[in-house]
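Working through the structure, step by step
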Amino acid sequence: MTEFLKDLWYFAATSAELKRGGMFRREILGEPVLMGRGADGRAFALRDICPHRAVPLSAGRQVETDGRVTVECPYHGWRFSGDGVCRLIPSLVEGQPYEADRIRVRSFPVHEAHGIVLIYFSADARFSGAPPPAPDFGLTFDTPGFVVDRVFEANIDNAVVGLMDPAHVPFVHSQWWWRPPSAGRKLKEKRFEPREKGWAMPRHPPPSNSLAYRWVFGPDVTTEIVFMLPGFRWEVVESGAKRFFTLTCLTPETAERTRITQVTYWSGAPWLALLKPVLIPAAREFLDQDGRMVDLQNTGLKYQPSMLWIDDIDVQAKWYLKLKREWAASRAEGRAFVNPLEPAVLKWMS
Ligand code: FES
Ligand SMILES: [Fe+2]
């Protein structure tokens, strides 16, 4: 079974999904999580199990208690604030020895910026200190241009590995507008370098057989691709003042299911907004193509869980597992994470 990495920030929701005064249930790392936004506009995340008799708090409603935003459990009305503290037990009478505020439901630190909401998943379920800073993806945008997501029937490892696999592109994503079969396969020789909790393919001109980049951004376009644990990959396409940014976030829901959310931003190209009716279905189709391949892969993995990874196309997959092991080891040994990767040049035909 895939081990979930803890003491890390995970993508949980988009800002747009969290309506003021609203809340919903999402499964993250095998835990039910209530994602909510108070009437005060602040996002919060609670373990979605009432400590009293286990009813999901997300089935309740938000009410104000002593000037605070609280979630009221639908079963017996216990109320919890965003920090997880129980603020009210309505059934209590004078002389009963319970102090509501000594009862807590797990609350997850939340970081909201650039239209996305991350939650911090500590290994210690009782963690209540200040979390480490949220990852810096280098985002310079207020809100996404658009977002697409899909739940893959794959564990986080297979989802990550499938995402970064360079050799599937001409086979799985060979639509005419992206890279028609006539584009052929070309020798790719790419430089990689270690980055914070991951690695990068530093800024370089995009492959000559990726047509869409040149159509949209002109000849002087460059791209940079970065991966960071536990499951963030972003690609920045730049040309002059134009900046196009795709952030892909992978969040395990369970050991066998992973949510992929692709958040796309841009600046310096206002006309791209007009292309949304084309870009959104295109992005969705990309995710679906990968999702369908994952489903096919599952029909094989059911009989044989092992795979045969080859160089250089599966080197990034190996790096991912190496980083994962180092993260887990650094946690277990109570020391700082040391990126074990070295700069490298990888070659393949695609
Ligand atoms: S189960 Fe939530 S208040 Fe009783
Ligand atoms: Fe893909």
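Scroll up a little and you will see the structure.
We now turn to the structure provided with this report. (Residues numbered from 1 in each chain as written. Chains lettered and ligands numbered in written order. Predicted model: local features only at pLDDT ≥ 70, side-chain atom pairs only at ≥ 80, totals over all residues. Heavy atoms only, no water.)

Moving on: the overall build of the protein. Helix and strand counts for the protein stand at five helices and 19 strands. Its C-alpha atoms give the protein a radius of gyration of 22 Å, within 12% of the compact-globule value 20 Å for 350 residues. Looking at the protein as a whole, 51% of its 350 residues are labelled buried. Put simply, of all contacts in the protein between residues at least 6 apart along the chain, 56% involve residues at least 24 apart. Total accessible area on the protein is roughly 17200 Å²; 54% of this is exposed by carbon and sulfur atoms. (Helix = DSSP H or I, 4+ residues; strand = E, 2+ residues; numbered from the N terminus. Rg over C-alpha atoms; globule rule 2.2 N^0.38 Å. Buried < 20%, exposed > 50% of the residue type's maximum accessible area, 1.4 Å probe, protein only. Contact = heavy atoms within 4.5 Å. Areas by Shrake-Rupley, 256 points an atom, 1.4 Å probe, with all protein chains shown as cover.)

A separate point is the sheet that holds strand β4 (residues 43–47). Across the sheet, which stays open at both edges, the four strands sit in the order β2-β3-β4-β9 with antiparallel pairing between neighbours. Only two strands of the sheet have a single partner each, and these edge strands are β2 (23–28) and β9 (107–108). (Pairing = 2+ DSSP bridges.)

Next up on the list: the environment of A43. Structurally, the position occupied by A43 is in strand β4. A residue is classified by how much of its surface remains accessible, and A43, at 17% relative accessible area, is buried. Taking the C-alpha atoms as reference, A43 lies 7.4 Å from L18; in sequence the two are 25 residues apart. Here A43 is in contact with L18, G36, R37, V110 and E112, once residues within four sequence places are set aside.

Turning next to the pattern of salt bridges. Scanning all chains against the criterion turns up 25 salt bridges. Note that E17 and R26 form a salt bridge whose closest N and O atoms lie 3.0 Å from each other. With relative accessibility at 28%, the residue E17 sits in the partly exposed group. For R26, a relative accessible area of 10% puts it in the buried group. The partner of K197 in a salt bridge is E196, and the shortest N-O contact between them spans 3.3 Å. On the basis of relative accessibility, which here comes to 48%, the residue E196 falls in the partly exposed class. Via salt bridges that share partners, E27, D149, E253, R257 and R259 belong to a single interconnected network. (Salt bridge = Lys/Arg side-chain N within 4 Å of Asp/Glu carboxyl O.)

Attention now moves to the packing of helix α1 (residues 156–164) against helix α5 (residues 315–332). One way to put it is that α1 packs onto α5 with a least axis distance of 9 Å and a crossing angle of 140°. One element, α1, and the other, α5, form an angle in the oblique class. For α1 against α5, the interelement crossing comes out right-handed. Here α1 contributes I156, D157, V160, V161 and M164 to the contact with α5, which in turn contributes Q316, A317, Y320, L321 and K324. A breakdown of the residues in the contact of α1 with α5 according to their chemical character gives seven nonpolar, one polar and two charged. (Axes fitted to C-alpha atoms, helices over the stretch in contact; angles between N-to-C directions. Parallel < 35°, antiparallel > 145°, perpendicular 65-115°, else oblique. Left-handed = near helix turned anticlockwise from the far one by under 90°. Nonpolar A, V, L, I, M, F, W, Y, C, P; charged D, E, K, R; others polar.)

Protein coordination at the iron ion (ligand 2) comes from H168 (NE2), H173 (NE2), D290 (OD) and D290 (OD), with a distance range of 2.1 to 2.5 Å. Here the iron ion (ligand 2) is ringed by four donor atoms whose angles at the metal span 56 to 152°, and the overall shape comes out irregular. Taken in sequence order, the residues that donate to the iron ion (ligand 2) follow the motif H-x4-H-x116-D. We note that H168, like H173, is buried. (Donors = N, O, S within 2.8 Å, 3.2 Å for Na, K, Ca; no water. Tetrahedral: all angles 85-135°; square planar, octahedral: opposite > 155°, others 65-115°.)

Together, W271, L274, L275 and V278 make up an exposed nonpolar region whose accessible area comes to about 400 Å². By secondary structure assignment, the location of L275 is in the loop between β18 (257–267) and α4 (276–301). (Patch = residues over 30% accessible without salt bridge, like charges linked within 9 Å, V, L, I, M, F, W, Y side chains within 5 Å.)

So, on to the sheet that holds strand β10 (residues 110–113). Pairing is antiparallel across the open sheet formed by three strands, whose spatial order is β1-β11-β10. Each edge of the sheet is formed by a strand with only one pairing partner; in this case those strands are β1 (8–14) and β10. Neighbouring strand axes in the sheet, compared pairwise and without regard to direction, differ in orientation by 30° on average. In this structure, β1 lies alongside strand β11 (residues 116–121), joined through six bridges in antiparallel fashion. The residue of β11 that forms the bridge with F11 is L118.

A large share of β4 lies buried, amounting to four of its five residues. Here strand β3 (residues 31–37) pairs with β4 via five bridges, running antiparallel. Directly across from M35, in β4, lies its bridge partner A45. Where β3 folds back on β4, the antiparallel hairpin that results is connected by five residues, among which G41 adopts a positive phi of roughly 90°. Across two bridges, β4 lies against β9 in antiparallel orientation. Bridging from a neighbouring strand, L46 pairs with S107 of β9.

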